[in-house]
Amino acid sequence: MKKVLSIAGSDCSGGAGIQADLKTFSAHGVYGMSVIVSVVAENTSRVIDIQDVSPDMIEKQIDAVFEDIDVDAVKIGMLSQPACMEAVAGKLQQYAPAHVVLDPVMYAKNGSPLMNPDAIDTLIHKVIPLADLLTPNIPEAEKIAGLPIHNVEDMKKSAEAIYRMGCKNVLVKGGHAAGNALDVLFDGERFYTFDAQRIETKNTHGTGCTYSSAIASNLALGYGLREAVHRAKEYITIAIQHSLSIGKGNGPTHHFYELYQNGLKNGAEIHGK
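Read on for a plain summary of the structure. (Residues numbered from 1 in each chain as written. Predicted model: local features only at pLDDT ≥ 70, side-chain atom pairs only at ≥ 80, totals over all residues. Heavy atoms only, no water.)

Moving on: helix H8 (residues 225-241). Owing to its 3.6 residues per turn, the α-helix aligns residues three or four sequence positions apart on the same side. Taking 1.5 Å as the rise per residue, H8 with 17 residues should run 24 Å; its terminal C-alpha atoms sit 24 Å apart, in good agreement. Taken as a whole, H8 has its buried residues at Ala-228, Val-229, Ala-232, Lys-233, Tyr-235, Ile-236, Thr-237, Ala-239 and Ile-240. (Helix = DSSP H or I, 4+ residues; strand = E, 2+ residues; numbered from the N terminus. Expected span 1.5 Å × (residues − 1). Buried < 20%, exposed > 50% of the residue type's maximum accessible area, 1.4 Å probe, protein only.)

So this is what it looks like as structure tokens:
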């Protein structure tokens, strides 16, 4: 069985963060592990508070996984402070995992900040150069690239600017734009687009976490990057189509829809176990 590690914050309401990542890993038939960098008291409506884990404890969690278990891919989510970013970056350099998917989480779905604005420079200089794939949404891409995004050409320009910061590939997600949900992948030479019909629902809590975890899962399963993104796009689209009206705000996606429809045996076969 392939093994995937998430390094991210927690979500006690279960729709985003570590909890969403582990559900996504399970839905893809890979073994999920986690390093918690922040404990987030949040629900579908708001973020109440954040308590960061010490950099030393973050490093020890990463050591505990890598000294014992072969890791086929790493997904990185919420990194709230510069010290946290430096701890994670140091361990990525030490262990050099095969696939690193970085989702630069800056805001919760309800708009609450999850990253210290002063930490963006550290993210750019310390963490982004270690990523095989960066998956910013449009507001995150604007912050990182320092460029406004109004259309697909702007998405491409921001992808090129972020690529020059040292990551190997950039996927700018178009979920915040009007029209279809079109994502743009740039590998340093060519652009590739991934399109899906926009689904009219408020229940999109944790979509970025889920999408990036699905990509990491597919990379661990041996798919090339474009195919991994394609499969992840299909997965997140189905999860949004069948999202759950849980809570009073933005409900979560349905991570296990196919599993519930097809049963455990068929679900495992679908995802290449």
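With that out of the way, let us pick up the packing of aromatic side chains. Taken as a whole and assessed by the stated rule, the structure comprises 4 aromatic pairs. Taken together, a centroid distance of 4.6 Å and an interplanar angle of 10° make the contact between Phe-66 and Tyr-95 stacked. In this pair, Phe-66 is assigned in helix H2 (residues 55-66) and Tyr-95 in helix H3 (residues 82-95), connecting sequence segments 29 residues apart. Looking at Tyr-95, the relative accessible area reads 24%, which means it is partly exposed. Here Phe-186 and Phe-191 contribute two aromatic rings whose centre-to-centre distance is 4.5 Å and whose plane-to-plane angle is 25°, an arrangement assigned as stacked. On the accessibility criterion, Phe-191 (27% relative accessible area) is partly exposed. Three or more aromatic residues joined by ring pairs make a cluster, and in this case those are Tyr-163, Phe-186 and Phe-191. Between the NZ or CZ atom of Lys-156 and the centre of the ring of Phe-191, over which it lies, the distance is 5.3 Å. (Phe/Tyr/Trp six-rings, centres within 6.5 Å; stacked < 30°, edge-to-face > 60°. Lys NZ or Arg CZ within 6 Å of the ring centre and 35° of its normal.)

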